Amino acid sequence: MKKEEKLKKFLLEIPEEIWEKWKLTVPRSISLNKALIELLKKEGKK
């Protein structure tokens, strides 16, 4: 990440069943945080 990049931090409240199903779709080589950022980027382009 760039040093001057601003970050938005927040606490998510997601039903455990939904979180667990999504988490299983993320390869272990990618952090859940990074996978969530990529998902948000994709959704933002729609």
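This structure is a prediction, so every number in the text was calculated from the model and none was measured.

1. Points about the overall build of the protein
When you go through the protein residue by residue, the secondary structure sums to 2 helices and 0 strands. Along the longest, intermediate and shortest principal axes, the C-alpha atoms of the protein span 35 × 25 × 25 Å. Within the protein, buried positions represent 7% of all 46 residues. Of the roughly 5,000 Å² of accessible surface on the protein, a fraction of 57% belongs to carbon and sulfur atoms. Charge separation in the protein, taken as the distance between the mean sites of 13 positive and 8 negative side-chain charges, equals 7 Å.

2. A short note on a nonpolar patch on the surface
Residues Phe10, Leu12, Ile14 and Ile18 make up a contiguous nonpolar surface patch of roughly 380 Å² in combined accessible area. Mapped onto the elements, Leu12 comes out in the segment before α1 (16-23). Judged by its relative accessible area of 38%, Leu12 is partly exposed.

3. Description of the packing of α1 against helix α2 (residues 32-45)
It is the contact of α1 with α2, at a shortest axis distance of 12 Å, that shows an interaxial angle of 95 degrees. One finds that α1 runs roughly perpendicular with respect to α2. The residues of α2 that touch α1, namely those facing Trp19, Trp22 and Lys23, are Leu32, Ala35, Leu36 and Leu39. When the residues that make up the contact of α1 with α2 are grouped by side-chain class, the tally is 6 nonpolar, no polar and 1 charged.

4. Observations regarding the environment of Ala35
Turning to its location among the elements, Ala35 is positioned in helix α2. With 13 residues separating them in the primary sequence, Ala35 and Trp22 have C-alpha atoms 10.0 Å apart. Those residues in contact with Ala35, other than ones at most four positions away along the chain, are Trp22, Val26 and Ile30.

How each quantity is defined
- Residues numbered from 1 in each chain as written.
- Predicted model: local features only at pLDDT ≥ 70, side-chain atom pairs only at ≥ 80, totals over all residues.
- Heavy atoms only, no water.
- Helix = DSSP H or I, 4+ residues; strand = E, 2+ residues; numbered from the N terminus.
- Buried < 20%, exposed > 50% of the residue type's maximum accessible area, 1.4 Å probe, protein only.
- Areas by Shrake-Rupley, 256 points an atom, 1.4 Å probe, with all protein chains shown as cover.
- Lys, Arg positive; Asp, Glu negative; His and termini not counted.
- Charge placed at Lys NZ, Arg CZ, Asp CG, Glu CD.
- Patch = residues over 30% accessible without salt bridge, like charges linked within 9 Å, V, L, I, M, F, W, Y side chains within 5 Å.
- Salt bridge = Lys/Arg side-chain N within 4 Å of Asp/Glu carboxyl O.
- Axes fitted to C-alpha atoms, helices over the stretch in contact; angles between N-to-C directions.
- Parallel < 35°, antiparallel > 145°, perpendicular 65-115°, else oblique.
- Contact = heavy atoms within 4.5 Å.
- Nonpolar A, V, L, I, M, F, W, Y, C, P; charged D, E, K, R; others polar.

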